[in-house]
There are 2 protein chains.
Amino acid sequence: MTAEIPPRQGHTTLQDVARLAGVSAKTAARAINGESNVRAETRERVFTAAAALRFRPNRLARELRQGARTGAVGLVIGNLDNPFYSQLAAGVDHALREHDLELIIASTDDEPERERVVVQAMLERRVTALMLVPSATDHSYLEGERQLGLPIIFLDRPPVTVVADSVLWDNHSGVREAIHELTTRGHRRIAALADSPELFTATERLTAFREALTEAGAEPDEALIVARVHDVPSAASATADLLARDDPPTAIIALNNRISVGAVSTLLRDDPACAFVGFDDFDLGETLGISVIANDPREMGNHAGQIALRRLKDGTGAPERISLPTRLVQRGSGERPVS
Amino acid sequence: MTAEIPPRQGHTTLQDVARLAGVSAKTAARAINGESNVRAETRERVFTAAAALRFRPNRLARELRQGARTGAVGLVIGNLDNPFYSQLAAGVDHALREHDLELIIASTDDEPERERVVVQAMLERRVTALMLVPSATDHSYLEGERQLGLPIIFLDRPPVTVVADSVLWDNHSGVREAIHELTTRGHRRIAALADSPELFTATERLTAFREALTEAGAEPDEALIVARVHDVPSAASATADLLARDDPPTAIIALNNRISVGAVSTLLRDDPACAFVGFDDFDLGETLGISVIANDPREMGNHAGQIALRRLKDGTGAPERISLPTRLVQRGSGERPVS
DNA sequence: CTGAAAGCGCTTACAG
DNA sequence: CTGAAAGCGCTTACAG
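On a predicted model such as this, the values are computed, not experimentally measured, just so you know. (Residues numbered from 1 in each chain as written. Chains lettered and ligands numbered in written order. Predicted model: local features only at pLDDT ≥ 70, side-chain atom pairs only at ≥ 80, totals over all residues. Heavy atoms only, no water.)

### Re the relation of the copies chain A and chain B
And step 1. The transformation that overlays chain A on chain B combines an axial shift of 0.0 Å with a rotation of 180°, and the residual RMSD is 0.1 Å. Such a turn and shift between the copies fits a two-fold axis. Of the C-alpha atoms belonging to chain A, the one lying closest to the rotation axis is found on A:I104, 2.2 Å away.
And step 2. In this assembly, 100% of the residues forming the interface of chain A have copies in chain B that are likewise at the interface, indicating an isologous arrangement. (Least-squares fit on C-alpha atoms with pLDDT ≥ 70 in both. Contact = heavy atoms within 4.5 Å.)

### A short note on the pairing of strand β9 (residues 275-279) of chain B
Residues and elements named next belong to chain B.
And step 1. Counting buried positions along β9 yields 5 of 5 residues, so the element is predominantly enclosed.
And step 2. The alternating pattern of β9 places A275, V277 and F279 and F276 and G278 on opposite faces, both of which are buried.
And step 3. Pairing geometry for strand β8 (residues 251-254) and β9, over 4 bridges, is parallel. Residue pairing for β9: I252 is matched across the bridge by F276.
And step 4. A crossover links β8 with its parallel partner β9, the connecting element being helix α11 (residues 257-270), and its sense is right-handed. (Buried < 20%, exposed > 50% of the residue type's maximum accessible area, 1.4 Å probe, protein only. Helix = DSSP H or I, 4+ residues; strand = E, 2+ residues; numbered from the N terminus. Pairing = 2+ DSSP bridges. Right-handed = clockwise from strand over helix to strand, strands pointing away.)

### Looking at the domain arrangement of chain A
And step 1. Splitting chain A by domain gives domain 1 (14-57), domain 2 (70-169 + 297-325) and domain 3 (171-295).
And step 2. Distance between the C-alpha centres of domain 1 of chain A and domain 2 of chain A: 38 Å. (Domains from an automatic or database assignment.)

### Observations regarding the interface of chain A and chain B
And step 1. Each side of the interface is counted separately: chain A has 53 residues, and chain B has 53 residues.
And step 2. Summed over both sides, the interface of chain A with chain B buries roughly 5,400 Å², with 52% coming from carbon and sulfur.
And step 3. Between chain A and chain B we count 14 salt bridges in total.
And step 4. Here A:E124 and B:R59 are joined by a salt bridge, their closest N and O atoms 2.8 Å apart.
And step 5. Taken together, the links from chain A to chain B amount to 29 residue pairs in polar contact (both at pLDDT 80 or more).
And step 6. When contributions to the side of chain A that touches chain B are tallied by element, the ones reaching two or more residues are α4 (59-66), α5 (83-96), β2 (102-107), α6 (112-124), α7 (143-147) and α11 (257-270) of chain A.
And step 7. For the side of chain A that touches chain B, the per-class residue count stands at 22 nonpolar, 12 polar and 19 charged.
And step 8. Bridge count between β2(A) and strand β2 (residues 102-107) of chain B: 3 bridges; the pairing is antiparallel. Opposite A:I105, over in β2(B), you have B:L103 as the bridge partner. (Buried area = accessible area lost by both parts, 1.4 Å probe. Salt bridge = Lys/Arg side-chain N within 4 Å of Asp/Glu carboxyl O. Polar contact = N/O pair within 3.5 Å; in protein donor to acceptor, adjacent residues only side chain to side chain. Nonpolar A, V, L, I, M, F, W, Y, C, P; charged D, E, K, R; others polar.)

### A few points about the protein's contact with DNA strand C
And step 1. Looking at DNA strand C, there are 23 residues lining it, with A:T27, A:R30, A:T42, A:R65 and B:L14 nearest.
And step 2. Per the 4 Å cut-off to the protein, sugar and phosphate atoms form 62% of the nearby atoms of DNA strand C.
And step 3. The contact in question runs from a phosphate oxygen of DNA strand C to an N or O atom on the backbone of A:S24, over 3.0 Å.
And step 4. B:R65 has a polar side-chain atom sitting 3.3 Å from a base oxygen of DNA strand C.
And step 5. Every element with two or more residues in the surface near DNA strand C is listed here: α2 (25-32) and α4 of chain A together with α2 (25-32) and α4 (59-66) of chain B.
And step 6. Broken down by element, the residue count for the surface near DNA strand C peaks at 4 residues, all from α4(B).
And step 7. Of the residues belonging to the surface near DNA strand C, the class tally is 8 nonpolar, 8 polar and 7 charged. (Near = heavy atom within 4 Å.)

### What about the confidence of the model for chain A?
Residues and elements named next belong to chain A.
And step 1. For chain A, the average pLDDT comes to 90, and 95% of its residues sit at 70 or higher.
And step 2. Low pLDDT (under 50) marks residues 1-8, which in the prediction has 1 contact with non-local residues, meaning those over four places away or in another chain.
And step 3. With pLDDT under 50 throughout, residues 334-339 is counted as low confidence; its partners more than four residues away or in other chains account for 22 contacts. (pLDDT = per-residue confidence, 0-100.)

### What to know about the packing of aromatic side chains
And step 1. Taken as a whole, this structure holds 4 aromatic pairs over all chains when the rule is applied.
And step 2. Geometrically, the ring pair formed by A:F84 and A:Y85 is edge-to-face, given 5.3 Å between the ring centres and 65° between the ring planes.
And step 3. On the basis of relative accessible area, A:F84 is assigned to the buried category, the value being 8%.
And step 4. Pairing B:F84 with B:W169 gives two aromatic rings, centres 6.4 Å apart and planes at 55°, and the pair type is tilted. Pair noted here: B:F84 is in helix α5 (residues 83-96) and B:W169 is in strand β5 (residues 165-169), with a separation of 85 residues, a long-range link. You'll find B:F84 and B:W169 in the same group, each marked buried. (Phe/Tyr/Trp six-rings, centres within 6.5 Å; stacked < 30°, edge-to-face > 60°.)

### A short note on the nonpolar core
And step 1. Of all hydrophobic cores here, the largest spans 57 residues; its most connected members are A:L155 and B:L155.
And step 2. The element contributing the most residues to this core is α5(A), with 8 residues.
And step 3. Those residues within four positions of B:L155 in sequence are excluded, and the remaining contacts are B:L75, B:L88, B:M131, B:L132, B:V133, B:P134, B:V167, B:M300 and B:A304.
And step 4. Within the second largest apolar cluster, 36 residues are counted, among which are A:A106, A:Y141, B:L130 and B:V162. (Core = buried A, V, L, I, M, F, W, Y, C linked by side-chain atoms within 4.5 Å.)

Okay, here's the thing in structure tokens:
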């Protein structure tokens, strides 16, 4: 006949702490949050009560009351498996560290519909800033949020139908530099491996490739330009196909990191007399003497984080557009022109 | 003298939508959330109003009201720069996809104090499950959360002072297999490169190394065991030091992925007659003919995600403890025993 | 230095 | 099929 003692339903609340300490909720909050105007003795009593009850403040409640701003930043990338994206995320993470901001990461696999879904979820969670490597092309659905003051930062690919900050690569300079070097050393038949033309970077790098080649007086051979190479295996086989041609290229440029790894694996295996340059550096690239167009995804992420922090402090303004350098890093023994 | 029209302070609310549609908040909620018992015509009116006002529901409010559970899962790892951790995160991400769960990621750089800080923040945000690669050794501070029903899953390293699920490697089998192979082929002087002894995996793999060597009748030479190798450069130089000895080892085993990359870079550069096996596979490992003790971080992450989902559905129970295989993958030309 | 009341934007538990 | 009231756990805006 004794009443059942109901199991604790959830976490203890500020009210519970206040009650045990014999003060009001407001006073308990003052002590917990380290505000002034609390008697030392009162503070002690609240601390003791909080510790006894293992009080852990509920941020959702706090943030709901305080308004739009949350302590979470949203980062939307293609896929954590890809070192480019994970290093980007590492850079963002690094920038956010000291500022008590949490990082919500979602991946899209570069699918526009999935981008909509994950961004939507982040907006409903009221992230305090949104960074994304866009896969969709229309971002007018973000316009409302922008007007509400949400810092929005595009990475790797520029905003099109929305005004936003961006951190991009200077794709042209690195590619030009590489092609210039190759043509100077006599290469005329240079092949290029690129990702899907829907991707801004793929198209921009390919354009730079064509322009640089033309400028050097070496008309690009469209048969040597392979697009829609999206992963390591397909890059490996596309490279093998190029090498198996009757008129193989004398040099190959790979226009992103996954493509580089695939191409290099074929080149190492077959060991043809073919020069090579790859976009993005990678583990063992230096050791293997592979020339690369170096860029630093961590730096890109870090910049994005810095912009977000600045926006949160100073509010909105004209959109920032940062262009990060890419430059040719030549390696190799000399027995081959560039690789 | 006209009154200033105040700028919209924040997002429109369910109340705003209800007002515009001429219904109560509850009815608006029913329509928005797709509940039954709403007249089609009413539903339409609510939808129209919501679209006009660009209503975006506030998840913080919903989750606060609904109770402890949030739609966010917390993942605590060492560092996103390390492919082991980023692939682990990719696996978790993958498992969570279809379930509308968001992923909050925080990195600790393997510092116990930082782990406390980020875990604390996640708990205050009321994550619905917590996964961590622990760097602290005492996790009794999680006991309260466990009792409140929070699914807690340890990855890579086991829980010590708290009851929790775990997904670990069978470190012994892979290392034994590798050492068995090396000793069978005649190696007696085998060096090992390991991370800090504070790390469970480092110690466990080193123990397996010593045991396997002893079993094969080849007493381990402590001078050939290098501990506290924590990154690629230090692994590279530690390898160079080993090779420069008067009595260099005839084989080297690297006990994690970063150490492997560093060791391989030195081995490729110096090209000594030294066999090699590395823990964790890596890009170009197969192409370069490097033998590895293969494991799959994505799989570990995926398993953790699955356990979390199961716990969320079926509630608590006896802790699960999954041990994932590691196995020797032999590559190489045959001119060297294992590498 | 302290506290009572109201409110953030939803959902719950009812009542009709 | 619809709605009014109360409440999730905090903070705000006051009042003392």
